[in-house]
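Each chain, letter by letter, is given below.
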2 protein chains.
Amino acid sequence: MDKPVLLTGAGGRVGQAILGHLGDRYHWRLLDREPLSSDKIPETVSDADVFVADVTDDYAVRNAIDGVGAVVHLAGDPRPEAPWDSVLRNNIDGTQTMLEEAANVGVEKFAFASSNHAVGAYETEDRTPQMYRTDDQFRLDGSELPRPGNLYGVSKAAGETLGRYYHDESGMSVVCVRIGNLTRGHPPRNYERGQAMWLSYRDCAHLFDRCLQADYEYEVVYGISDNDRKYYSIDRARDALGYDPQDNSADYHADGTPKEHIAE
Amino acid sequence: MDKPVLLTGAGGRVGQAILGHLGDRYHWRLLDREPLSSDKIPETVSDADVFVADVTDDYAVRNAIDGVGAVVHLAGDPRPEAPWDSVLRNNIDGTQTMLEEAANVGVEKFAFASSNHAVGAYETEDRTPQMYRTDDQFRLDGSELPRPGNLYGVSKAAGETLGRYYHDESGMSVVCVRIGNLTRGHPPRNYERGQAMWLSYRDCAHLFDRCLQADYEYEVVYGISDNDRKYYSIDRARDALGYDPQDNSADYHADGTPKEHIAE
């Protein structure tokens, strides 16, 4: 990707995981609703490439997206318990604005941060906690209909459908990454579900790197590390994007400490 | 259904098809954004059961929905070419308001008017016009991911996902009917696609009657007559709802005139 890559929600956790590993690999343009503190901006990013703007503001988005070759769209209300009015505006309307403006300027690739919450209600009482364990065979693979467990998840599913539409309409490559449980350093502690959908920082960065490098049309993939516990298939991410995760929550004890072969 | 049934968008075409056949079968409450002319209100409906309100106005919706046993939610911007701001507000936000208030008052059944436009982009150049013809085997059955051909279709797909969420959350039965091409009297003239997705007025009314009578959890079904030409399966509507359509666009000539066995 020779052209700049616009990263929205750059100050959030996913944005920081990406920039921490890929800060010098792309010509980044960073956009966030809040001014970014200097520790959140890679040294290679110039002040002119840092935008403070709301993704629902189409004039501001047009300014930031001009000349861009790809978009990694992470901005939105990240709270699973966020109220409807907020996800309607920030997540649904904001994603439509980004896709519309991206299509208008002929962006090649658009990676959208969807969420495990788009399918959270598949975790029914009769499936849990068995589905979080290594001997359970239940898998979601991205071809299933959304089944959100909250209105935040509804908003992410709507973003996926918007991505489908803009791909079909404009030919822009669109990938929706249903991000699992992103934590730095080690999997969530004493939390089977979080260990099943753990995504390490380096695997997260690698996955979005693949979203910027691979050739694809429209994809819905799961963003988790190669955990022994899993109920999300990563086959599609491997096949369509060349995702090759390095981490596995099984390499850590339940309390988050690494097992010996990892610690050394 | 002993309790009243709230019909939103009562003045529209689908609402009028339903009321024309089922006007005296339920205790209707009618809601529309515009005042309904008297010819659009069945004689059995009293003035107190007619509401002029916007479905995005939660106070007005609460007033209309109190004591209701079921909702048939048709209201929204019906234009396939409607701009984003309108479908975001009227279709997505409006459907969330209706589902939220329906769940709050313990409505048993909620039938949502989705649309063929939620899957319009499956009609790709290499599939058409063959897919509109009787010898073609391509079928959509409601289990496929949405693939809208316009932002109106995106809004309908979002309504379906909202329905999934509110069903899972509240236990309310929710059915999403992807309505085909509803025309009165005869199928669309000289229009293969419209003949393949024709829905007659009486089949439309019967289908929504089944949505109010059948026992189901969450369903996505196609609302078309039993046309020889079809690329939407009606198996799920038959199996889950007991839908038994009477009409078939093959009983009409391409110009809409009935073939002899129908005309007589």
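Model, not experiment: these values are computed from the prediction. Numbering of residues begins from 1 in every chain and follows the order in which that chain's sequence is written. All chains are assigned letters beginning at A, and all ligands numbers beginning at 1, according to the order in which they are written. Totals for whole chains, interfaces and linings use all residues, but because this is a predicted model, local features are given only for residues with pLDDT of at least 70 and pairs of side-chain atoms are given and counted only at 80 or more. Each side-chain value is derived from all of the structure's non-hydrogen atoms; neither hydrogens nor water enter the calculation.

## Notes on the UniProt feature "binding site: NAD(+)" (unreviewed entry) in chain A
Residue and element names in this part refer to chain A.
Right, so step 1: Mapped onto this structure's residue numbering, the UniProt feature "binding site: NAD(+)" (unreviewed entry) falls at N90, S115, Y152 and K156.
Right, so step 2: Helix numbering and strand numbering both begin at the N terminus, where a helix is a DSSP run of H or I of at least 4 residues and a strand a DSSP run of E of at least 2. Along the polypeptide, N90 turns up in helix α3 (residues 84-104).
Right, so step 3: For N90, the contacting residues outside a window of four places in its chain are R33, D54, V55, T56, G76, D77 and T95.
Right, so step 4: Counting of polar contacts relies on pairs of N or O atoms within 3.5 Å, with two restrictions inside protein: one atom must be capable of donating a hydrogen and the other of accepting it, and residues adjacent in sequence are counted only when both atoms are side-chain atoms. Within the structure, the side chain of N90 is placed 3.5 Å from the side chain of R33, a separation counted as a polar contact. UniProt positions are given in the numbering used here, feature names are shortened, and annotations may be inferred rather than shown by experiment. By definition in these notes, contact holds between two residues if any of their heavy atoms fall within 4.5 Å.

## Focus: the environment of H261 of chain B
All names here are of chain B.
Right, so step 1: Positionally, H261 belongs in helix α8 (residues 260-263).
Right, so step 2: Each residue gets one of three labels from its accessible area relative to the maximum for its type: buried under 20%, exposed over 50%, partly exposed in between, using a 1.4 Å probe on protein chains only. Looking at H261, the relative accessible area reads 54%, which means it is exposed.
Right, so step 3: Taking the C-alpha atoms as reference points, H261 and Y191, 70 residues apart in sequence, are found 22 Å from one another.
Right, so step 4: Here D251 takes part through its side chain, which lies 3.1 Å from a polar atom of the side chain of H261.

## Things to note about the pairing of strand β6 (residues 173-179) of chain A
Residues and elements named next belong to chain A.
Right, so step 1: Taken across its seven residues, β6 has seven buried, putting it largely inside the fold.
Right, so step 2: Both faces of β6 are covered, namely the face carrying S173, V175, V177 and I179 and the face carrying V174, C176 and R178.
Right, so step 3: Criterion used throughout: strands pair if DSSP finds at least two bridges between them. Sheet analysis places strand β5 (residues 109-115) next to β6, joined by seven bridges and oriented parallel. Its bridge partner being in β6, A113 is matched across the sheet by V177.
Right, so step 4: For the handedness criterion, the strands are oriented away from the viewer, and a crossover whose path from the first strand over the helix to the second runs clockwise is classed as right-handed. Since β5 and β6 lie parallel, the crossover through helix α4 (residues 151-170) that links them has a hand, and here it is right-handed.
Right, so step 5: Strand direction decides the pairing type here: β6 and strand β9 (residues 218-223), joined by six bridges, are parallel. Note on β9: the bridge partner recorded for V177 is V221.

## What to know about the UniProt feature "active site" (unreviewed entry) in chain A
Residues and elements named next belong to chain A.
Right, so step 1: Mapped onto this numbering, the UniProt entry annotates "active site" (unreviewed entry) at Y152.
Right, so step 2: Relative to the helices and strands, Y152 is located in helix α4.
Right, so step 3: The class for Y152 is buried, based on a relative accessible area of 8%.
Right, so step 4: For Y152, the contacting residues outside a window of four places in its chain are D77, P78, R79, P80, V87, N91, S115 and H117.

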